[in-house]
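# Structural description and commentary
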There are 2 protein chains.
Amino acid sequence: MTNAETKLKWEFGMNAEIISIGAELTSGQNVDTNSQWLSQRLAEIGIAVRFHATVGDDLKDIVAALRTAQARADLVIVTGGLGPTQDDLTREALAAAAGVELVLHEESLAAIRQMFAARKRPMPERNVAQAWLPHGAEAIPNHLGTAPGIWLESSSIPQAEEPNPRAVLLIALPGVPSEMHAMFREWVRPRLIERLGGAPFVIIERKLNCFGAGESMMEEKLLDLTKRGHEPQVGITVRDAIIALRIRARAASETEARRLIAPVEDTIRQRLGHYVFGVDREELHEVVARLLMEKKQTVAVAESLTGGLVTHLLTLVPGVSASLLGGIVAYANSAKENLLGVPRDLLESHGAVSAPVAEAMAVGVRQRFGADWAVSTTGIAGPTGATATKPVGLVYIGIAGRTGVRSYEVNWFGERHEIQTRSAWSALNALRLHIEGRPA
Amino acid sequence: MTNAETKLKWEFGMNAEIISIGAELTSGQNVDTNSQWLSQRLAEIGIAVRFHATVGDDLKDIVAALRTAQARADLVIVTGGLGPTQDDLTREALAAAAGVELVLHEESLAAIRQMFAARKRPMPERNVAQAWLPHGAEAIPNHLGTAPGIWLESSSIPQAEEPNPRAVLLIALPGVPSEMHAMFREWVRPRLIERLGGAPFVIIERKLNCFGAGESMMEEKLLDLTKRGHEPQVGITVRDAIIALRIRARAASETEARRLIAPVEDTIRQRLGHYVFGVDREELHEVVARLLMEKKQTVAVAESLTGGLVTHLLTLVPGVSASLLGGIVAYANSAKENLLGVPRDLLESHGAVSAPVAEAMAVGVRQRFGADWAVSTTGIAGPTGATATKPVGLVYIGIAGRTGVRSYEVNWFGERHEIQTRSAWSALNALRLHIEGRPA
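Now for a look at the structure at hand. (Residues numbered from 1 in each chain as written. Chains lettered and ligands numbered in written order. Predicted model: local features only at pLDDT ≥ 70, side-chain atom pairs only at ≥ 80, totals over all residues. Heavy atoms only, no water.)

## With respect to unusual backbone geometry
Excluding glycine, most residues fall at negative phi; most peptide bonds, likewise, are trans. A:Pro383 follows A:Gly382 through a cis peptide bond whose omega is 0°. B:Glu231 connects to B:Pro232 through a cis peptide bond whose omega is -10°. Within the element layout of this structure, B:Pro232 appears in the loop between α8 (223–226) and β10 (233–239). (Helix = DSSP H or I, 4+ residues; strand = E, 2+ residues; numbered from the N terminus.)

## Quick look at the pairing of strand β10 (residues 233–239) of chain A
Residues and elements named next belong to chain A. Note: β10 against strand β11 (residues 242–251), seven bridges, orientation antiparallel. Along β11, the bridge assignment pairs Gly 235 with Arg 246. Counted along the chain from β10 to the antiparallel partner β11, the turn is two residues long, and its residue Asp 240 has a positive phi close to 50°. (Pairing = 2+ DSSP bridges.)

## Overview of the packing of aromatic side chains
Any aromatic ring pair is given by two values, namely how distant the centres are and how the planes are angled relative to each other. Under the defined criterion, the tally for this structure stands at six aromatic pairs over all chains. Considering the side-chain rings of A:Trp37 and A:Phe184, the 5.8 Å spacing of their centres and the 85° angle between planes classify their relative orientation as edge-to-face. Note that A:Trp37 is positioned in helix α2 (residues 34–44) and A:Phe184 in helix α6 (residues 177–195), a separation of 147 residues in sequence. For A:Trp37, a relative accessible area of 11% puts it in the buried group. Accessibility expressed as a relative area gives 0% for A:Phe184, which makes it buried. Sitting over the ring of B:Trp151, B:Arg191 keeps its end group 5.9 Å from the ring centre. (Phe/Tyr/Trp six-rings, centres within 6.5 Å; stacked < 30°, edge-to-face > 60°. Buried < 20%, exposed > 50% of the residue type's maximum accessible area, 1.4 Å probe, protein only. Lys NZ or Arg CZ within 6 Å of the ring centre and 35° of its normal.)

## Notes on the side chain of A:Thr421
Structurally, the position occupied by A:Thr421 is in helix α15 (residues 416–435). Beyond its immediate stretch of four places on either side in the chain, A:Thr421 contacts A:Asp240 and A:Leu309. (Contact = heavy atoms within 4.5 Å.)

## As for the sheet that holds strand β9 (residues 202–210) of chain B
Residues and elements named next belong to chain B. Read across the sheet, four strands follow the order β10-β11-β9-β12 without closing on themselves; strand pairing throughout is antiparallel. The strands lining the two open edges of the sheet, one partner per strand, are β10 and β12 (276–279). With direction set aside, neighbouring strand axes in the sheet form an average angle of 25°. In this fold helix α9 (residues 254–272) packs onto β9, β10, β11 (242–251) and β12, with an angle of close to 150° to the strand it touches most, β11. (Axes fitted to C-alpha atoms, helices over the stretch in contact; angles between N-to-C directions.)

## Things to note about the pairing of strand β17 (residues 404–411) of chain B
Residues and elements named next belong to chain B. Note that strand β16 (residues 394–401) and β17 share eight bridges and pair antiparallel. Bridged to Gly 401 within β17 is Gly 404. Between β16 and the antiparallel strand that follows it, β17, lie two residues.

## Re the interface of chain A and chain B
Between chain A and chain B, the contact holds 71 residues from the first and 68 residues from the second. Of the roughly 5600 Å² buried between chain A and chain B on both sides combined, carbon and sulfur atoms contribute 54%. Counting every contact that joins chain A to chain B gives three salt bridges. Ionic pairing is found between A:Lys120 and B:Glu409, a salt bridge with its closest N-O pair at 3.4 Å. Residue composition of the side of chain A that touches chain B, grouped by class: 28 nonpolar, 29 polar and 14 charged. With five bridges joining them, strand β2 (residues 48–55) of chain A and strand β2 (residues 48–55) of chain B adopt antiparallel strand pairing. Bridge pairing in β2(B) places A:Val55 opposite B:Phe51. (Buried area = accessible area lost by both parts, 1.4 Å probe. Salt bridge = Lys/Arg side-chain N within 4 Å of Asp/Glu carboxyl O. Nonpolar A, V, L, I, M, F, W, Y, C, P; charged D, E, K, R; others polar.)

## Points about the pattern of salt bridges
Taken as a whole and assessed by the stated rule, the structure comprises 41 salt bridges over all chains. Of the charged contacts, one joins A:Glu436 and A:Arg438 as a salt bridge, the two residues approaching to 3.0 Å between their closest N and O atoms. Overall, the relative accessible area of 31% leaves A:Glu436 in the partly exposed class. With a closest N to O distance of 3.5 Å, B:Arg432 and B:Glu436 form a salt bridge. Salt bridges here are not isolated pairs; linked through shared partners, they connect A:Arg206, A:Glu265, A:Arg269 and A:Asp280.

In structure tokens form, the structure reads like this:
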């Protein structure tokens with residue numbers, strides 16, 4: 001029953017079930033976010049998920065969960081349990097549920113060996129287990145880790161003598177989110193769409209990423225769009241002071257959905273102006289890096305409060321080395337003086353957390369690196385360090401360019417790492433507005 | 001079968017299952033955190049959760065999920081589906097699974113009326129539905145909302161004529177976390193402990209955080225401890241190349257559990273030696289910062305590949321400013337030369353990604369900041385930048401101290417940000433071993 005004859009084309013309205021494997025999930029140590037992610041991705045191509053199940057690392061329990069799923073779903077996606085250790089049982093369970101043996105998949109073994117060779121490490125014998133796949137399965141390539149995924153045709157009834165088995169497609173992916181996401185997007189998704197004979201409808205989401213004002217302030221400008229029942233839907237979410245507006249449309253085709261989204265996006269952009277910095281997965285550091293690369297301009301960074309975070313965020317962008325010359329983390333006052341040339345009397349009269357020091361840091365680092373732009377941060381991240389006039393969360397950002405230097409005061413609250421992260425966004429956003437020629 | 005005779009006292013080792021109800025969960029709109037929370041609370045009183053299930057708002061599907069759970073669990077906790085609207089079906093499903101009718105529970109109706117009266121609002125007729133409970137059920141009071149919970153004795157076999165039914169306790173709680181938490185803590189938890197004949201034991205977990213070798217290599221040294229059935233249990237999880245060994249003991253008291261953990265911890269420490277860097281929630285950058293602060297030593301950082309991340313991780317630790325003087329992110333070769341004093345011929349003959357350059361960066365930054373220690377990173381984060389002899393993921397770490405300089409080659413794979421993060425851990429770990437006087 002794992003042969004080609006069961007490869008039916010699914011009907012519209014097929015059911016999917018997602019099974020997450022791992023004792024760290026049933027014990028409550030970790031929360032299962034993979035099921036949510038997969039449910040969203042499947043909905044986008046018109047596949048409804050009816051059940052999620054979570055099972056610990058127990059072969060009997062996993063097989064039982066698979067059998068239950070085979071009886072009620074047309075597509076079963078399993079995440080987790082594909083590692084090399086003794087408690088990774090998904091391969092074995094899948095073979096049992098499909099009624100086949102595990103066989104060594106030479107191509108996958110070669111890929112695993114290659115993965116270790118590239119790292120110049122010996123391959124532990126244990127990792128060979130990852131190349132044993134159920135007979136008849138296709139291996140789903142994993143470019144980010146050693147565990148191949150599994151694509152296996154099976155049936156709703158393991159006992160072949162029973163009548164009318166349905167075709168059930170079993171897919172197993174690693175539990176590591178980055179690996180799982182890439183494998184789903186690159187390999188599984190196109191195959192599923194092909195299997196569906198094209199997706200019956202599409203859901204398209206356009207995200208507008210904003211920075212520089214609070215959630216309530218933004219929502220007040222958009223109340224007519226965010227109200228329930230508005231089509232396309234508009235939702236607001238916030239993370240680390242970055243506000244995401246999601247415009248979501250459902251239509252027969254991607255073109256049609258995008259046609260519905262366009263006027264709503266225009267309205268939002270008109271109302272929010274320069275608060276909108278990017279779309280979809282674009283992040284603030286990516287926008288800044290892209291602007292610099294497009295304009296063939298360079299930047300250097302001087303950080304106190306953020307301790308290297310602004311620079312690091314920019315280095316996350318591939319190819320940024322043409323524009324990012326580097327940075328100096330001047331945590332100690334002596335470093336601000338010696339490495340950035342901040343005058344000692346400025347540090348003494350205004351204190352390290354002050355607008356003049358932020359400006360001197362930016363000017364100093366710009367000159368030392370010979371950059372077109374410079375950005376600086378100084379502030380009080382807490383929990384200690386506050387004074388009567390300078391509370392935790394007080395931050396100054398400096399921006400230096402060809403035409404001079406400016407500084408901005410920002411006040412954040414939150415924990416140390418939150419103040420650091422939000423201040424890094426403030427610095428990048430101020431830089432963005434300057435590069436775009438519309439400083440706040 | 002819902003009468004008192006089935007109220008057996010459970011055996012040690014009973015199984016629980018958690019069922020979450022709601023289309024917003026199966027569709028991926030929301031992530032289910034209730035199952036995680038309940039799993040943790042049940043573990044604390046010695047009840048192991050073997051399965052989680054999530055079902056949409058469909059009566060047939062919910063009843064099916066309940067029947068599956070009754071067949072394999074002694075305790076089933078359902079969250080969600082207790083609201084007043086048409087798609088709230090948990091009451092009906094529970095009655096069907098237990099084989100009883102819904103009856104109006106006058107006391108609950110009075111409580112709901114009271115809730116509206118207290119808020120000076122008229123009670124919508126629809127809310128009466130929340131007072132219809134399965135026959136024989138106890139209502140679990142809800143002081144934060146209108147939905148009473150349900151405590152219902154049932155059996156593993158709905159068909160009473162079959163032999164040997166087990167007692168199965170069905171509990172339903174609202175999906176709203178604040179209501180669910182309060183009702184579990186105040187009402188359900190004490191009843192469950194009573195049912196167990198007093199909380200039979202506590203579960204204590206000790207985590208050993210390790211770095212410097214792969215998961216399989218570590219497990220190979222601990223196979224006798226990680227094998228199923230070993231007490232205390234030892235589990236391995238990995239995140240960003242940091243390996244956590246969890247020792248989990250179950251005993252009558254915390255003291256007793258810690259007494260069981262101690263020798264296992266000793267054994268692991270003996271076998272893994274310097275790979276173990278911290279316990280429980282301690283992170284690598286915290287350990288390094290603590291060591292430096294204890295020894296009143298200072299550090300400076302020179303980063304290329306990691307672009308400020310190593311410095312930033314250290315600045316996450318409150319009070320680190322006494323030990324962290326600062327850092328230089330020398331992304332461009334000119335910055336390596338001008339700001340760190342890396343000789344140009346070294347850059348030209350060996351390339352920026354090389355052991356001699358990593359060493360020169362560390363020496364240069366140590367001298368410029370006048371620090372006791374210096375750490376440097378240089379490497380290829382990808383996706384571009386690889387050459388025939390230098391693949392993506394090739395990284396060199398330099399450590400300079402009073403007695404000289406050393407470098408280390410590391411090879412990572414993964415995405416750009418993963419290579420950066422893992423390399424930052426490599427750098428911090430090398431620094432840790434040097435400060436501890438046992439360089440690798």
